[in-house]
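Structural description and commentary
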Amino acid sequence: GGLTGAINGLTEVQQKKDDAFRTEVQGIYNTVKQEQASSLTAGIDLASSREQNLKGLSIMLGSDEEGQKMFDEIKEYGIATPYEANSLLDSARQMMAYGVDAKDVMSNTKMLGDVALGDQNKFNRLSYAYAQTQSAGKLTGQDLLQYVAAGFNPLKYLADEAGVSLEDMRDKMSDGDVSADDVTRAFKM
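These lines cover the structure that appears in this document, whether it is placed above or below. The written sequence of each chain sets the order in which its residues are numbered from 1. The predicted origin of the model limits local features to residues at a pLDDT of at least 70 and limits the giving and counting of side-chain atom pairs to 80 or more, whereas totals for whole chains, interfaces and linings rest on all residues. Note that water and hydrogens are dropped before the side-chain values are worked out from all heavy atoms of the structure.

1. Remarks on helix H4 (residues 102–116)
Given 3.6 residues per turn, any residue in an α-helix points the same way as the ones three and four places further on. The criterion, for reference: Helical segments are the DSSP runs of H or I of at least four residues, strand segments are the runs of E of at least two, and each set is numbered from the N terminus. Expected span, for any helix, means 1.5 Å times one less than how many residues it has. We call a residue buried when its accessible area falls under 20% of the maximum for its residue type, exposed when it is over 50%, and partly exposed in between, using a 1.4 Å probe and counting protein chains only. The contact criterion used throughout is that any non-hydrogen atoms of two residues lie within 4.5 Å.
The terminal C-alpha atoms of H4 lie 21 Å apart, and with 15 residues this matches the ideal 21 Å at 1.5 Å per residue to within 8%. All of the buried residues in H4 are Val-105, Met-106, Asn-108, Thr-109, Met-111, Leu-112, Gly-113, Val-115 and Ala-116. Buried residues along H4 sit against helix H2 (64–80), helix H3 (85–97), helix H5 (120–136) and helix H9 (180–188).

Written as structure tokens, this is what we have:
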């Protein structure tokens, strides 16, 4: 009887250890399955977003080949810089929607990226203001406020280049005499 009791006791202890082990393995298995499902969902979302972005560029540029070419250029720039690819794609589409010629989009993107110095928020703000300026064909007071809020004052660079005061350059802007090309030149200085 004592031997049977000892065996039953050991069996019970072993059963508890087995149950604990099974519970632990089942927990790990469930965690791995959830992570795989999340990764799969994220991958599907990423692929869907990529296809939407690529299709959007293709439509704007009039061909799948041109869309793919711009998409690849933007992707490469995103890899080489701290900027998010989706933000760069949004900026490219925004510039084209505001009338910037497709052939100028990548050079403008790089120009804006240089001025933003790796700051994603600053890049987004400069990109939006730049697209508006290009659409209007001239620098407006509203656009100037957006540039200055993002840490860039094109009038300062243009005033220095022309050898005039900042106030004189503001007056010139108020008269509508600071063109979108002038702003681009300021970005490149």
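2. Considering the environment of Val-100
Relative to the assigned elements, Val-100 resides in the loop between H3 and H4. Exposure remark for Val-100: the relative accessible area of 10% places this residue in the buried category.

3. Observations regarding the pattern of salt bridges
In plain terms, the rule: Salt-bridge detection follows one rule: a side-chain nitrogen of Lys or Arg within 4 Å of a carboxyl oxygen of Asp or Glu.
Counted under the stated rule, the structure contains seven salt bridges. Of the charged contacts in the structure, one is a salt bridge between Lys-103 and Asp-104, with a shortest N-O distance of 3.5 Å. Judged by its relative accessible area of 64%, Lys-103 is exposed. Between Glu-167 and Arg-170 there is a salt bridge, with its nearest N and O atoms 3.6 Å apart. Of this pair, Glu-167 and Arg-170 are both found in helix H8 (residues 166–174), three residues apart, which corresponds to roughly one turn of the helix. Under the relative-accessibility criterion, Arg-170 is labelled partly exposed at 34%. Here the salt bridges do not stand alone but share partners, grouping Asp-101, Lys-103 and Asp-104 into one network.

4. Remarks on the environment of Glu-66
In this fold, Glu-66 is placed in helix H2. Sequence separation between Glu-66 and Ala-102 is 36 residues, and the spatial gap between their C-alpha atoms is 9.5 Å.

5. Considering the packing of aromatic side chains
Rule in force here: Aromatic pairing here means that ring centres of Phe, Tyr or Trp (its six-membered ring) are within 6.5 Å. Orientation follows from the plane angle: under 30 degrees is stacked, over 60 is edge-to-face, and everything else is tilted.
Taken as a whole and judged by the stated rule, the model has eight aromatic pairs. Pairing Tyr-98 with Tyr-128 gives two aromatic rings, centres 6.4 Å apart and planes at 85 degrees, and the pair type is edge-to-face. You can see Tyr-98 sitting in the loop between H3 and H4 and its partner Tyr-128 sitting in helix H5, a full 30 residues away along the chain. Residue classification places Tyr-98 among the partly exposed positions, given a relative accessible area of 29%. The exposure class of Tyr-128 is partly exposed, given its relative accessible area of 33%. For the pair Tyr-130 and Phe-187, a centre-to-centre distance of 5.7 Å together with 90 degrees between the ring planes defines the contact as edge-to-face. Taken together, the residues span a long stretch of sequence, with Tyr-130 in helix H5 and Phe-187 in helix H9 at a distance of 57 residues. Considered together, Tyr-130 and Phe-187 belong to a single accessibility category, that of buried residues.

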